[in-house]
Amino acid sequence: MRPRDRLRIAMQKSGRLTEPAQDLLTRCGFTFRQSRDKLFCFGEGEPVDLLLVRDDDIPGLIAQGVCDLGIVGRNVLNEYELTTGRDDAVALAEWRGLGFGRCRLSLAVPQELDYAGVADLAGKRIATSYPGLLGRWLRERGIDAGVVTLAGSVEIAPRLGTADAICDLVQSGGTLLANQLREADVVLESEALLVGPRTLPADERGDLVELLLKRIDGVIQVRE
Ligand code: PRP
Ligand code: ZN
Ligand code: MG
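## Notes on the side chain of E155
Turning to step 1, where the next piece is worked out: Relative to the assigned elements, E155 resides in the loop between β9 (146-149) and α5 (157-160).
Turning to step 2, where the next piece is worked out: Sequence-distant contacts of E155, defined by excluding residues within four places in its chain, comprise I166, D168, T175, N179 and L181.

Right, dumping it as structure tokens:
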């Protein structure tokens, strides 16, 4: 990877983290101009640019050195850590919890299904986009259940008959309600994180990370 003299931060292109993440950086005093293809935002003052991508790709982009930092949910970071082969998994650190994008990764069952506890999941098929986190949670509880991995639209799996339950993100609960599902158990509490490699780059980018962290801490303090 060619050394870069500008800091590059990956963030979600469109989704629940996009607006609050851009808002945070604006409050930190960074201003950007968006490229025509909407993939990049070029920093106008400090040499700090944004790369707008799918949230699921962010940990990998940092691990590969394509980006220096990322703003991504704990759910995505932990799933990456659990499912990526050891060779590829550069140790990533949670630099800061950002306090927005709060949601939970939860088990949900059809409204009419009884759920007294995790033992009721034994032998059931559970649809999820988080096989790593769900698999670990089930293993820790000694539950043998089938995990059906889907990239999206997990909430319709019970109606299609391809799963008995789901494990997906819940924020307002609107998606569950619309699909006649109810939250049964919480697997992970999540929020947006500033994520980066465990060691700072040893060039100007390291100084920029320190500047960014200082400003983020200031913004978070004001908000609290
Ligand atoms: C999640 C989840 C549900 C929705 C739940 O998707 O898959 O579709 O949010 O939110 P609610 O409880 O407020 O209805 P999200 O768009 O975050 O992520 P994805 O596009 O990466 O699946
Ligand atoms: Zn996603
Ligand atoms: Mg979704």
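## Let's talk about unusual backbone geometry
Turning to step 1, where the next piece is worked out: Despite not being glycine, S153 shows a phi value in the positive range, around 50 degrees.
Turning to step 2, where the next piece is worked out: Here S153 shows up in the loop between β9 and α5.
Turning to step 3, where the next piece is worked out: Classification of S153 by relative accessible area gives partly exposed; the value is 46%.
Turning to step 4, where the next piece is worked out: The phi torsion at Q180 lies on the positive side, around 55 degrees, for a residue other than glycine.
Turning to step 5, where the next piece is worked out: Looking at the element boundaries, Q180 is found in the loop between α6 (174-178) and β11 (181-190).

## Regarding the domain arrangement of the protein
Turning to step 1, where the next piece is worked out: Along its sequence, the protein is organised into domain 1 (7-101 + 191-223) and domain 2 (103-190).
Turning to step 2, where the next piece is worked out: For domain 1 versus domain 2, the separation of C-alpha centres amounts to 29 Å.
Turning to step 3, where the next piece is worked out: Taken together, the 11 residues of domain 1 in the interface contact 12 residues of domain 2.
Turning to step 4, where the next piece is worked out: Where domain 1 abuts domain 2, roughly 1000 Å² becomes buried across the two surfaces, and 53% of that area is made up of carbon and sulfur atoms.
Turning to step 5, where the next piece is worked out: Contact with domain 2 buries surface across domain 1, with R16, N75 and E79 losing the most and accounting together for 52% of the total.
Turning to step 6, where the next piece is worked out: Applying the counting criterion to the domain 1 and domain 2 interface returns 7 residue pairs in polar contact (both at pLDDT 80 or more).
Turning to step 7, where the next piece is worked out: Sorting elements by how many residues they give to the side of domain 1 that touches domain 2 places helix α3 (residues 74-83) first, with 7 residues.
Turning to step 8, where the next piece is worked out: Across the side of domain 1 that touches domain 2, the residue classes break down as 2 nonpolar, 5 polar and 4 charged.

## Some remarks on the sheet that holds strand β4 (residues 48-53)
Turning to step 1, where the next piece is worked out: One open sheet accounts for 7 strands, arranged β2-β3-β4-β1-β5-β12-β6; its pairing is mixed. Edge positions in the sheet fall to β2 (32-34) and β6 (92-97), since each of these pairs with one other strand and no more. On average, each strand axis in the sheet is tilted by 25 degrees relative to the strand beside it, whichever way the strands run.
Turning to step 2, where the next piece is worked out: Where strand β1 (residues 7-12) meets β4, 6 bridges bridge the pair, whose relative direction is parallel. When the bridges of β4 are listed, R8 appears paired with D49.
Turning to step 3, where the next piece is worked out: Those strands touched by helix α7 (residues 204-223) are β1, β4, β5 (69-73), β6 and β12 (192-197), and its axis lies near 35 degrees from that of β6.

## What to know about the site of ligand 1
Turning to step 1, where the next piece is worked out: The local shell around ligand 1 consists of R16, D55, D168, L169, V170, Q171, S172, G173, G174 and T175.
Turning to step 2, where the next piece is worked out: Interatomic distance of 2.8 Å between a backbone N/O atom of Q171 and an oxygen atom of ligand 1.
Turning to step 3, where the next piece is worked out: Separating an oxygen atom of ligand 1 from a side-chain N or O atom of S172 is a distance of 2.6 Å.
Turning to step 4, where the next piece is worked out: Within the complex, the protein chains bury 67% of what would otherwise be the 500 Å² of accessible surface of ligand 1.
Turning to step 5, where the next piece is worked out: Contributions of two or more residues to the shell around ligand 1 are made by β10 (165-170) and α6.
Turning to step 6, where the next piece is worked out: Its residues assigned to classes, the shell around ligand 1 shows 2 nonpolar, 5 polar and 3 charged.

Criteria and thresholds
- Residues numbered from 1 in each chain as written.
- Chains lettered and ligands numbered in written order.
- Predicted model: local features only at pLDDT ≥ 70, side-chain atom pairs only at ≥ 80, totals over all residues.
- Heavy atoms only, no water.
- Helix = DSSP H or I, 4+ residues; strand = E, 2+ residues; numbered from the N terminus.
- Contact = heavy atoms within 4.5 Å.
- Buried < 20%, exposed > 50% of the residue type's maximum accessible area, 1.4 Å probe, protein only.
- Domains from an automatic or database assignment.
- Buried area = accessible area lost by both parts, 1.4 Å probe.
- Polar contact = N/O pair within 3.5 Å; in protein donor to acceptor, adjacent residues only side chain to side chain.
- Nonpolar A, V, L, I, M, F, W, Y, C, P; charged D, E, K, R; others polar.
- Pairing = 2+ DSSP bridges.
- Axes fitted to C-alpha atoms, helices over the stretch in contact; angles between N-to-C directions.
- Near = heavy atom within 4 Å.
- Areas by Shrake-Rupley, 256 points an atom, 1.4 Å probe, with all protein chains shown as cover.

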